[in-house]
Structures are given as C-alpha cells and as structure tokens.
Amino acid sequence: MAGTFELKIIEPDGVFYEGEGELLEFVSIEGEMGVYKDHIPLTTILEPCVMKIHTGEGVKNAAVLGGFIEVLKTKITVLAENAEWPDEIDVKRAKQAKKRAQERLKKSDASIDVRRAEAALKRAMARIDAAR
C-alpha cells in the first residue's frame, strides 16, 4: 500500500465517518474511481453508489446517495447528501423504491420527471447493493 490518508464523510446531520483509509472506491459522474494516498488533487460530483472504505482492518461499505468529494494528497473529504451503513438500510423499502422508479421510467407519459425517476432508481440500487 501507498500509506494512509485522512477520510471524513460528512452528511447534513453531521460527521458520518472519520478515520484513516488506504483506498477509497466510489462512483463519480466521470465513472468508477479508486483513490490512494498521494492521488492527484481532484474535486468531483458523486453518483449514488456503494462507497468502499479500505482500512488496515478490512473493507467498510456504505451507501452514499450523492454529493461531492474533494481529494487532496493526504486527505479526502466527502460531502454526502446522505450516507448509510448496511445495517441501517431497510432493504424491503429500497426494493419497493426501485420497483416504483422502474415503473415510472417504463411509462411514456410526458408528466414523468425522467431525471428524478433515474435518480431514485440509482439511490435504491445503491442501498440494495450496500446491504448485500
């Protein structure tokens, strides 16, 4: 490993996670990314995804439902719209949300907000994937 970096994940209610990491995996609007210590500085928009936090003790998965990320050489800050640990996720509710979003996307009705339905589908999928 290339060493560790400071990681802080902040959501509107406060700090979700704070600690050291060896690798952080996430999905941004530019695609899937993995970041080690000394990565080139970067700021990007997060897609709803399963964020994988690799530490010396193993991998911690969290559903991060969008936001922003700032990567510096030794520090990563995530400003998350919402973040959940797998044991906090109501899988039944997430599956229902997925089904509703898919049904909305199947309709060809002009009153359907496609972007909103796609965002709901991504959030539901992130929750379901994190809970696995």
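It should be emphasised that the depicted structure is a prediction, and the values quoted were computed from it without experimental measurement. (Residues numbered from 1 in each chain as written. Predicted model: local features only at pLDDT ≥ 70, side-chain atom pairs only at ≥ 80, totals over all residues. Heavy atoms only, no water.)

1. Thoughts on the nonpolar core
The tendency in soluble globular proteins is for nonpolar side chains to be buried side by side. Membership of the largest hydrophobic core comes to 22 residues, with the highest contact counts inside it found for Leu-7, Ile-9, Leu-24, Phe-26, Ile-76 and Val-78. Taken together, the elements giving at least two residues each to this core come down to β1 (5-11), β2 (14-21), β3 (23-28), β4 (31-35), β5 (42-55), β6 (58-71) and β7 (75-80). At five residues, β5 tops the list of elements feeding residues into this core. Other than its neighbours up to four places away in sequence, Ile-76 contacts Phe-5, Glu-6, Leu-7, Lys-8, Leu-24, Val-35, Ile-69, Glu-70 and Val-71. Counting six residues, the second largest nonpolar core, distinct from the first, contains Val-50, Leu-65, Ala-126 and Ala-130. (Core = buried A, V, L, I, M, F, W, Y, C linked by side-chain atoms within 4.5 Å. Buried < 20%, exposed > 50% of the residue type's maximum accessible area, 1.4 Å probe, protein only. Helix = DSSP H or I, 4+ residues; strand = E, 2+ residues; numbered from the N terminus. Contact = heavy atoms within 4.5 Å.)

2. Digging into helix α1 (residues 91-106)
In a regular helix each residue adds 1.5 Å, so 16 residues correspond to 22 Å; α1 covers 23 Å between its end C-alpha atoms and thus fits that length. Put simply, Asp-90 is the residue that caps the front of α1, since its side-chain oxygen is 3.3 Å from the backbone nitrogen of Lys-92. (Expected span 1.5 Å × (residues − 1). Polar contact = N/O pair within 3.5 Å; in protein donor to acceptor, adjacent residues only side chain to side chain.)

3. Structural notes on a nonpolar patch on the surface
A grouping of Ile-29, Ile-45, Phe-68 and Leu-79 is seen on the molecular surface, where their side chains present a nonpolar patch of about 380 Å² in accessible area. You can see Phe-68 is positioned in strand β6. Looking at Phe-68, the relative accessible area reads 47%, which means it is partly exposed. (Patch = residues over 30% accessible without salt bridge, like charges linked within 9 Å, V, L, I, M, F, W, Y side chains within 5 Å. Areas by Shrake-Rupley, 256 points an atom, 1.4 Å probe, with all protein chains shown as cover. Salt bridge = Lys/Arg side-chain N within 4 Å of Asp/Glu carboxyl O.)

4. What to know about the layout of surface pockets
Each pocket or cavity is described by its volume, and for the largest pocket that value is around 300 Å³. Forming the boundary of the largest pocket are 14 residues, of which Arg-93, Ala-94, Ala-97, Arg-100 and Arg-127 lie nearest the centre. When residues of the lining of the largest pocket are traced back to their parent elements, those giving at least two are α1 and α2 (114-131). Of the pockets and cavities examined, the second largest pocket occupies roughly 160 Å³. Taken together, Glu-25, Phe-26, Val-27, Glu-32, Met-33, Gly-34, Val-50 and Lys-52 make up the full set of residues lining the second largest pocket. Breaking the lining of the second largest pocket down by element, the ones donating at least two residues are β3, β4 and β5. Class assignment for the residues of the lining of the second largest pocket results in four nonpolar, one polar and three charged. (1 Å grid on protein atoms, 1.4 Å probe; cavity = no way out; pocket = protein on both sides within 12 Å on 5 of 7 lines; lining within 4 Å. Points joined across faces, edges and corners; volume = space filled by probe spheres on them. Nonpolar A, V, L, I, M, F, W, Y, C, P; charged D, E, K, R; others polar.)

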